[in-house]
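Close look at the chain arrangement
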Amino acid sequence: MSIEVRHLHKRFGATVVCDDLNLDIPSGELVALLGPSGSGKTTLLRIIAGLEQPDSGAVLFHGEEATHTSVRERNVGFVFQHYALFNHMTIFENVAFGLRVRPRATRPSEREIRAKVSELLRLVQLDWIADRYPHQLSGGQRQRIALARALAVEPRVLLLDEPFGALDAKVRKDLRRWLRRLHDEMHVTTVFVTHDQEEAMEVADRIVLMNHGRIEQVGAPDEVYDHPATPFVLQFLGDVNVFHGRLSHGPGSPAGEEVSYVRPHEIEVLAQPVPGSWAAVLSQVLTVGPRTRVEFRRQDDGSYVDVELPREEYLRLREHQGLRPGATVHLRPRRATRFAQAA
Ligand SMILES: Nc1ncnc2c1ncn2[C@@H]1O[C@H](COP(=O)(O)OP(=O)(O)OP(=O)(O)O)[C@@H](O)[C@H]1O
C-alpha cells in the first residue's frame, strides 16, 4: 500500500506544525520520520493514521483519497512508545484481540485465530511465552508483542511512534535489527518516528528529515549522510566542526563569509605543516570503545576542533609522534561540505 501526502498544512494555535508537506512512500517501504523534538513527526504520523485532521491538503492510500476516512477504514496498525497491552489477558489473547472483536461476518473461526496468533508469535520469536501475562515480560518483549498484535489484523500500513524509545540502549539495538528483518519478511509499508539518527540510519530504506514542520530532505541513509541538502541535515546526522571563513581549497571560491562543515573523522593529524593545514594544540583525549575523540585548539584563532580516530591510530600517533595533551600538530580537513549562502 503506497502513501502520498499532498500539500499538508496543520497548525495548533499559532504554531505551524505541518508546513506544506509533500511525501511519497512506495508500497512495502520502511520509512523513518527523523527530526528534533517538536519538528512535527508525530503530527504527520497521526494525520496519516487518521487520528488527526489536517487544516488542508490530502493523504492518499494507494492513489485513493483517504484524508477524511476513519481510522478503522484506513486499516492501519499502530505501535507507540508505551503500548498498553491488556494486563488481564495472556500474551496469546492480547495478540488475538483485534481478530476477536471483528464483526461476526468477518471474524475468523477459532481455529483460524489460533493458527494466525501462533504464526505471529513465532514471527516475533515469542511463541514460548504465549501463556504468560504482560507483567511477566521484559520491555523489549512487550514491544515485540505490541507489534505482533498490530500485525494480527493484517494492516495495510504499519505506523510506529518511537516504538523502542522507552527501552535501554542494548535492547533498542537488538530490536532495530529485529524490526528490519521482520519488515523484510512481511513487506508491510511502515512509517516510524524517531529522533535517533542512528536508529533511522540503521533501520530505514529512506529517511525523511523534518525540521520546524518542514521536510528538509528525503533520501536513502547513505544519500542523506553523504549528500546532505541543508546545514540542518548535515548537523543533525552526526557531529561536525563548523568553520567560519575560508578553508584552503581551489581557486574560484566566492568571496565573503563562507561556512564549511567537516566531520571529526574527516580530519588528518600531521606532524609537519602542509598547504592548508592549521597548527593546533591537543587539549583533551576521550576514548570510548574503539574510537578516540581528540580535541584540539587552533593556534591562529583559538577555536576548538574535534577529531575522531580509530583507537589504534591514536595509540600509534601517541607512540610515534608524542600525541598527548599540550603537543602541537597540524590538522588538515580531508573533505569539507559547503552550502551556497543565501544572498
Ligand atoms: N494536540 C496539540 N495541541 C497543541 N499543540 C500540539 C498538539 N500536538 C502537538 N502540538 C505541538 O506541535 C508541535 C509538533 O509536535 P509533534 O508531536 O508533532 O512533534 P515531534 O516532532 O513528534 O516531537 P517529539 O519528538 O517531541 O514527539 C509541538 O510544538 C507540539 O507542542
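Residues numbered from 1 in each chain as written. Predicted model: local features only at pLDDT ≥ 70, side-chain atom pairs only at ≥ 80, totals over all residues.

You'll find the protein chain entered in an unreviewed UniProt entry as Sulfate ABC transporter ATP-binding protein, with Caldimonas aquatica given as the organism.

As for the sheet that holds strand β2 (residues 15–25)
Spatially, the four strands line up as an open sheet ordered β2-β1-β4-β5, and their pairing is antiparallel. Bordering the open sheet on either side are β2 and β5 (64–65), each of which pairs with just one other strand. Sheet topology places strand β1 (residues 3–12) next to β2; eight bridges connect them, and they run antiparallel. In the sheet register, V5 faces β2, and the bridge partner there is L23. (Pairing = 2+ DSSP bridges. Helix = DSSP H or I, 4+ residues; strand = E, 2+ residues; numbered from the N terminus.)

Digging into the sheet that holds strand β18 (residues 337–338)
Reading across the sheet, the three strands line up as β11-β12-β18 and stay open at both edges, with antiparallel pairing between neighbours. Of all the strands in the sheet, the pair left with one neighbour each is β11 (241–244) and β18. Here four bridges tie β11 to strand β12 (residues 259–262), and the two strands are oriented antiparallel to one another. Counterpart to N241 in the pairing with β12 is V262.

A short note on the pairing of strand β14 (residues 278–288)
Relative to strand β17 (residues 328–333), β14 runs antiparallel, the two sharing four bridges. Counted as the bridge partner of A280 is V329 from β17. The sheet contact formed by β14 and strand β15 (residues 291–298) spans eight bridges and is antiparallel. By the bridge assignment, V281 is partnered in β15 with R297. Here β14 folds back onto β15 in antiparallel fashion, the turn holding two residues, of which G289 has a positive phi close to 60 degrees.

A word on the site of the ligand
By nearness alone, every residue bordering the ligand is listed as F12, T15, V17, G35, S37, G38, S39, G40, K41, T42, T43 and H195. Every element with two or more residues in the shell around the ligand is listed here: β2 and α1 (41–49). The dominant element in the shell around the ligand, judged by the number of residues it contributes, is α1, at three residues. Grouping the constituent residues of the shell around the ligand by class yields two nonpolar, nine polar and one charged. (Near = placed C-beta within 6 Å. Nonpolar A, V, L, I, M, F, W, Y, C, P; charged D, E, K, R; others polar.)

Description of helix α5 (residues 139–152)
Its 14 residues give α5 an end-to-end C-alpha distance of 20 Å, which sits within 8% of 20 Å, the value for a rise of 1.5 Å per residue. In terms of burial, α5 is a largely internal element, eleven of the 14 residues being buried. Within α5 the residues assigned to the buried category are R142, Q143, R144, I145, A146, L147, A148, R149, A150, L151 and A152. For α5, the secondary structure elements touched by its buried residues are β6 (76–80), α3 (91–100), α4 (110–123), β7 (157–161) and α6 (169–186). Of the residues one or two after α5, E154 is the one with positive phi, at around 50 degrees. (Expected span 1.5 Å × (residues − 1). Buried ≥ 20, exposed ≤ 12 C-beta atoms within 10 Å, placed from the backbone. Contact = placed C-beta atoms within 7 Å.)

So, the nonpolar core
If you look at the biggest cluster of nonpolar residues, it comprises 63 residues, and the most contacted ones within it are A32, L33, V95, L159, V208 and L209. In terms of residues, this core owes the most to one element, α5, which gives seven residues. Not counting the four nearest positions on each side in its chain, L33 is found in contact with K41, L44, L45, V191, V193, V208 and M210. Formed by 16 residues, the second largest nonpolar core is a distinct cluster that contains V269, W278, L317 and L323. (Core = buried A, V, L, I, M, F, W, Y, C linked by C-beta atoms within 7 Å.)

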